[in-house]
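Each chain, letter by letter, is given below.
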Amino acid sequence: MPIARQDLENYIGQLLLVDTWRDYCPNGLQIEGRPTIERIVTGVTASQALIDAAIDLNADALLVHHGFFWKGENACITRTKKARIAKLLANDVNLFAYHLPLDAHPTLGNNAQLGEKLGLTGTHRFGDQKLGWLGELEKPLTLAEFTLQIDAQLQRSPLVIGPAEQLIKRVAWCTGGAQSFFHEAAQLEIDCFITGEASEFVTHLARESGVSYIAAGHHATERYGIEALGKHLASQYGLEHIHLDQANLV
């Protein structure tokens, strides 16, 4: 059953509390397409490959976590940005993007979804805008066992810094590129910190603090939120939903 574009944007905005977040990009409708929406495609990043696939599937709207118009980037619409936007406009496809509001949602968000996949029960929040999550495994695992669990779930071998035999019970995590949160997380009496990426300093901080560090992939840790949002919208409004996972090594 079709829904008006504005009604869909209003609903998602209220669901994710979009107006309450300080973000690095605009959240909501970024490229305006056809006025009514019946088929939606979701994916992590508005790459050319994802846009082309959505068009091939006759999508009315593409919903992503990583869209366009990031703070600090060149505002000119040239080269790859021009090609992506031109394709959306030529095919009258709406582009919706939700960044930090999607990371943080208590059930549909990337952190909530990753915690659920890894068997972590969230208990507290930490970090800038309380984006980071704290929680515990139901039963302790060695770092080696926990690594195998992450590898199997995300289908990607993570970068792991820490002794294989260390027991892991209390965990902090924040999906994507949240390595800067490790400074605060390491002071929270945790055994392990999980995010998507790693910077040079994390090796030293992990060794000196005794807190293991797992970089499980920016894309891999943020695959689940946008898919959960798409499924929710499909259930709420009877929309057709297709999720596409474009491979990404990072």
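Note that the coordinates shown come from a computational prediction; the quantities given were computed from them, not determined experimentally.

## Description of the domain arrangement of the chain
Where the parts come together, the accessible area they lose is often given as the size of the interface.
Alright, step 1. For the chain, the assigned domains are domain 1 (3-103 + 222-243) and domain 2 (105-218).
Alright, step 2. Put simply, the middle of domain 1 and the middle of domain 2, counted by C-alpha atoms, are 28 Å apart.
Alright, step 3. With 18 residues of domain 1 at the contact, the number on the domain 2 side is 16 residues.
Alright, step 4. Summing the contributions of domain 1 and of domain 2, the shared interface buries around 1,600 Å²; its carbon and sulfur component is 50%.
Alright, step 5. Its largest share of buried area at the contact with domain 2, domain 1 owes to Asp 103, Glu 222 and Tyr 224, together 42% of the area lost on that side.

## Observations regarding the pairing of strand β11 (residues 192-195)
Regular strands have side chains that alternate between both faces of the sheet.
Alright, step 1. Judged by which residues are buried, β11 turns out to be covered on both faces: Cys 192 and Ile 194 on one side and Phe 193 and Thr 195 on the other are all buried.
Alright, step 2. Here strand β10 (residues 167-173) pairs with β11 via 3 bridges, running parallel. Paired with Ala 172 across the bridge in β11 is Phe 193.
Alright, step 3. One ladder, built from 4 bridges, connects β11 with strand β12 (residues 212-215); its direction is parallel. Each residue of the ladder has a partner; that of Thr 195, found in β12, is Ala 215.
Alright, step 4. Handedness of the crossover joining β11 and β12 through helix α8 (residues 201-209) is recorded here as right-handed.

## Here we look at the UniProt feature "binding site: a divalent metal cation" (unreviewed entry) in the chain
Alright, step 1. The UniProt entry lists His 65, His 66, Asp 103, His 218 and Glu 222 under the feature "binding site: a divalent metal cation" (unreviewed entry), expressed in the numbering used here. Of the residues just listed, which span 158 residues, no C-alpha pair is farther apart than 12.1 Å, and they cluster in one region.
Alright, step 2. Among the secondary structure elements, His 65 is positioned in strand β5 (residues 61-66).
Alright, step 3. Ignoring anything within four residues of it in the chain, the contact list for His 65 reads Gly 43, Val 44, Tyr 98, His 99, Leu 102, Asp 103, Asn 110, Glu 222 and Ile 226.
Alright, step 4. Note that Glu 222 resides in the loop between α9 (218-221) and α10 (224-237).
Alright, step 5. Those residues in contact with Glu 222 that sit more than four places away from it in its chain are Val 44, His 65, His 66, Asp 103, Asn 110, Thr 175 and Gly 176.
Alright, step 6. A distance of 3.1 Å separates the side chain of Glu 222 from the side chain of Thr 175, its partner in a polar contact.

Reading guide: rules and limits
- Residues numbered from 1 in each chain as written.
- Predicted model: local features only at pLDDT ≥ 70, side-chain atom pairs only at ≥ 80, totals over all residues.
- Heavy atoms only, no water.
- Domains from an automatic or database assignment.
- Contact = heavy atoms within 4.5 Å.
- Buried area = accessible area lost by both parts, 1.4 Å probe.
- Buried < 20%, exposed > 50% of the residue type's maximum accessible area, 1.4 Å probe, protein only.
- Helix = DSSP H or I, 4+ residues; strand = E, 2+ residues; numbered from the N terminus.
- Pairing = 2+ DSSP bridges.
- Right-handed = clockwise from strand over helix to strand, strands pointing away.
- UniProt positions renumbered as here; feature names shortened; annotations may be inferred.
- Polar contact = N/O pair within 3.5 Å; in protein donor to acceptor, adjacent residues only side chain to side chain.

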